[in-house]
Amino acid sequence: MRLNTSYLSSLLGPRGQERISSTKHTKMARRVLEKELLQKGGILIPELGTPKKVSLIKEIKIHQTFRGVFSLQFNYTGELLIVGFGSGGIQKYEASTGTMLSELRACRQGGHSVMALRFHPKQPDILYAATTAGQILIYNVETNEEIAQIEERGNEINTLDFCVDGYNFASGGRDLGVRVYETKTNKVVQHYESIALSRKGGSQTSRNDSSLVNQTMRIFCIKFHPDNQYIFVSGGWDNQLKIWDIRANDGIKRNIHGPHICGEAIDMQGNNILSGQWTALRGLQEYDYTSGKVVKELNYPHKDGAFLYCAQYANPNLVLAGGSGTNKAELVQVSTNTHVGGYDVGTPVQAIDSAKNGRIFAVGGAKDKFAILSVKD
């Protein structure tokens with residue numbers, strides 16, 4: 001692991017000063033962190049009222065050698081959009097116009113996909129990018145410099161997320177393990193290895209073996225709890241949501257059976273877990289965190305199956321989701337369970353993101369384009 005430790009150590013203060021208060025949040029962990037940054041900067045973004053219209057800001061064509069869009073991330077103000085490509089490239093765009101501003105990392109033949117992008121929760125110019133080469137690349141988006149690199153040997157990283165106070169982040173992927181890092185140093189403080197792989201002989205166990213507590217198949221999404229810096233949820237191919245507590249040596253606390261997760265398709269707000277599933281029916285659901293039961297079936301529009309790869313809360317009353325069933329990204333209003341609008345990518349939707357309280361979103365597909373759109377109330 002190559003680190004600029006003196007620079008990164010300055011980004012977070014002493015641990016005791018960074019832990020969250022007991023105040024309950026209705027928004028997602030990421031939105032809580034973004035709100036803090038906005039308040040510090042004196043920036044006010046109005047809440048979105050009843051969403052009525054989706055408009056295209058710009059559709060951006062990309063070369064076929066980029067191998068599609070695998071990750072998208074707005075910065076906390078919604079002014080910048082970072083795009084991660086299948087051939088390993090990372091580009092920075094102006095969100096309001098769709099103009100490319102710079103290239104953080106060039107696309108390359110045989111490059112490894114950039115599966116997840118996250119901005120540093122306390123230093124908004126710092127970007128973390130996870131790749132299928134088992135690397136977490138860290139950039140300063142202001143200077144376009146790579147400032148650090150973390151390596152997870154033998155892994156293909158599909159997901160990473162920061163906790164609500166920003167003190168830790170966690171990653172997961174192909175090797176079935178979960179690594180928890182300290183953000184201040186970018187060093188692993190917990191490594192939960194897969195029980196399936198650690199058994200004698202290293203053979204994987206059937207996905208239906210509920211006696212195993214850790215992940216038994218690839219991990220595709222990790223999301224931290226919005227009210228508790230120690231708790232996160234993971235999901236993947238083993239048809240279960242896993243509830244983790246990083247204070248425990250074994251990590252995993254319980255399972256919620258059902259969701260088949262194939263991308264960044266888990267989100268949390270309040271006591272609800274949003275699940276976007278790669279299934280024909282019941283593809284978009286809200287689960288109760290405490291009971292593990294489905295509390296709401298969200299009406300994602302489709303004719304021949306939803307098959308979702310990604311889902312998130314754009315705001316507390318608006319869900320954005322997409323996948324391969326319709327090749328579209330769709331917005332669903334939670335309170336009325338009605339379809340608001342969407343965008344047809346023409347190929348499977350592999351990446352989405354939203355910002356400005358749901359007023360802007362981006363969607364990327366498996367081939368030659370991505371788009372930035374606005375939502376009007």
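Residues numbered from 1 in each chain as written. Predicted model: local features only at pLDDT ≥ 70, side-chain atom pairs only at ≥ 80, totals over all residues. Heavy atoms only, no water.

**Student:** It is not clear to me how the overall build of the protein chain should be interpreted in this structure. Could you clarify?
**Tutor:** Counting its regular elements, the protein chain contains four helices and 28 strands. Within the span of the protein chain, comprising 377 residues, buried residues form 59% of the whole. Here the analysis covers contacts within the protein chain between residues at least 6 apart in sequence; of these, 50% occur between residues at least 24 apart. Of the roughly 15000 Å² that the protein chain leaves accessible, carbon and sulfur atoms contribute 46%. (Helix = DSSP H or I, 4+ residues; strand = E, 2+ residues; numbered from the N terminus. Buried < 20%, exposed > 50% of the residue type's maximum accessible area, 1.4 Å probe, protein only. Contact = heavy atoms within 4.5 Å. Areas by Shrake-Rupley, 256 points an atom, 1.4 Å probe, with all protein chains shown as cover.)

**Student:** For this particular structure, what's the right way to read the pattern of salt bridges?
**Tutor:** Counted by the stated rule, this structure contains 17 salt bridges. Glutamate 59 is the salt-bridge partner of lysine 369, the closest N and O atoms lying 3.4 Å from each other. With lysine 369 in strand 28 (residues 369-376) and glutamate 59 in strand 1 (residues 53-61), this pair connects stretches of sequence that are 310 residues apart. Taking the relative accessible area as the measure of exposure, lysine 369 reaches 14% and is therefore buried. (Salt bridge = Lys/Arg side-chain N within 4 Å of Asp/Glu carboxyl O.)

**Student:** Whenever I open this one, unusual backbone geometry confuses me. Can you help?
**Tutor:** Among all residues save glycine, negative phi is the norm, and among peptide bonds the norm is trans. Even without a glycine there, the phi angle at lysine 356 is positive, about 55°. With respect to the helices and strands, the residue lysine 356 is situated in the loop between strand 26 (349-355) and strand 27 (360-365). On the accessibility criterion, lysine 356 (31% relative accessible area) is partly exposed. One non-glycine residue, asparagine 357, adopts positive backbone phi at about 60°. One can find asparagine 357 in the loop between strand 26 and strand 27.

**Student:** Looking at this structure, how should I read the sheet that holds strand 20 (residues 284-288)?
**Tutor:** Think of a sheet as strands paired side by side through backbone hydrogen bonds, with each pair either parallel or antiparallel. The antiparallel open sheet is built from four strands, whose spatial order is 18-19-20-21. Among the strands making up the open sheet, the edge pair consists of strand 18 (266-269) and strand 21 (294-297). Within the sheet, the average angular offset between the axes of one strand and its neighbour, ignoring direction, is 25°. Sheet analysis places strand 18 next to strand 19 (residues 272-276), joined by four bridges and oriented antiparallel. Bridge pairing in strand 19 places methionine 268 opposite isoleucine 273. (Pairing = 2+ DSSP bridges. Axes fitted to C-alpha atoms, helices over the stretch in contact; angles between N-to-C directions.)

**Student:** What exactly am I supposed to notice about the side chain of asparagine 75 here?
**Tutor:** For asparagine 75, the position within the fold is in the loop between strand 2 (69-74) and strand 3 (80-85). A polar atom in the side chain of asparagine 75 sits 3.0 Å from the backbone nitrogen of leucine 80. Residues within four places of asparagine 75 in sequence aside, it is in contact with Glu34, Leu80 and Phe119. (Polar contact = N/O pair within 3.5 Å; in protein donor to acceptor, adjacent residues only side chain to side chain.)

**Student:** Would you explain the packing of aromatic side chains in this entry?
**Tutor:** Note on aromatic pairs: each is described by the distance of the centres and the angle between the planes. One pass over the full model with this rule turns up 12 aromatic pairs. Measuring from centroid to centroid gives 4.7 Å for phenylalanine 169 and tyrosine 181, while their planes differ by 10°, and the two rings are stacked. Separated by 12 residues along the polypeptide, phenylalanine 169 in strand 11 (residues 168-173) and tyrosine 181 in strand 12 (residues 178-182) bring together distant segments of the chain. Overall, the relative accessible area of 1% leaves tyrosine 181 in the buried class. Ring centres 5.2 Å apart and planes at 55° place the aromatic pair phenylalanine 224 and phenylalanine 232 in the tilted group. Since its relative accessible area comes to 1%, phenylalanine 224 is described here as buried. Feature note: the residues Tyr128, Phe162, Phe169 and Tyr181 constitute an aromatic cluster, connected by ring pairs. (Phe/Tyr/Trp six-rings, centres within 6.5 Å; stacked < 30°, edge-to-face > 60°.)

**Student:** Is there a simple way to explain empty space enclosed by the protein in this structure?
**Tutor:** Over the atoms a probe the size of a water molecule is rolled, and this reveals where empty space is left. For the structure on display, the rule yields two cavities of 30 Å³ or more. Its boundaries defined by the atoms lining it, the largest cavity holds a volume of some 290 Å³. Around the largest cavity, the lining comprises 25 residues; the ones closest to its centre are Arg30, Arg118, Lys223, Glu264 and Gln312. For the lining of the largest cavity, the secondary-structure elements that each account for two or more residues are helix 3 (29-40), strand 2, strand 6 (114-119), strand 14 (219-224), strand 18, strand 22 (308-315) and strand 26. By residue class, the composition of the lining of the largest cavity is 13 nonpolar, four polar and eight charged. If you add up the space inside the second largest cavity, you get close to 190 Å³. For the second largest cavity, the lining is made up of 16 residues, of which Arg30, Glu34, Phe119, His120 and Pro121 are closest to its centre. Counting residues per element, the ones that place at least two in the lining of the second largest cavity are helix 3, strand 2, strand 6 and strand 10 (157-162). For the lining of the second largest cavity, the element with the highest residue contribution is helix 3, accounting for five residues. Residue composition of the lining of the second largest cavity, grouped by class: nine nonpolar, three polar and four charged. (1 Å grid on protein atoms, 1.4 Å probe; cavity = no way out; pocket = protein on both sides within 12 Å on 5 of 7 lines; lining within 4 Å. Points joined across faces, edges and corners; volume = space filled by probe spheres on them. Nonpolar A, V, L, I, M, F, W, Y, C, P; charged D, E, K, R; others polar.)

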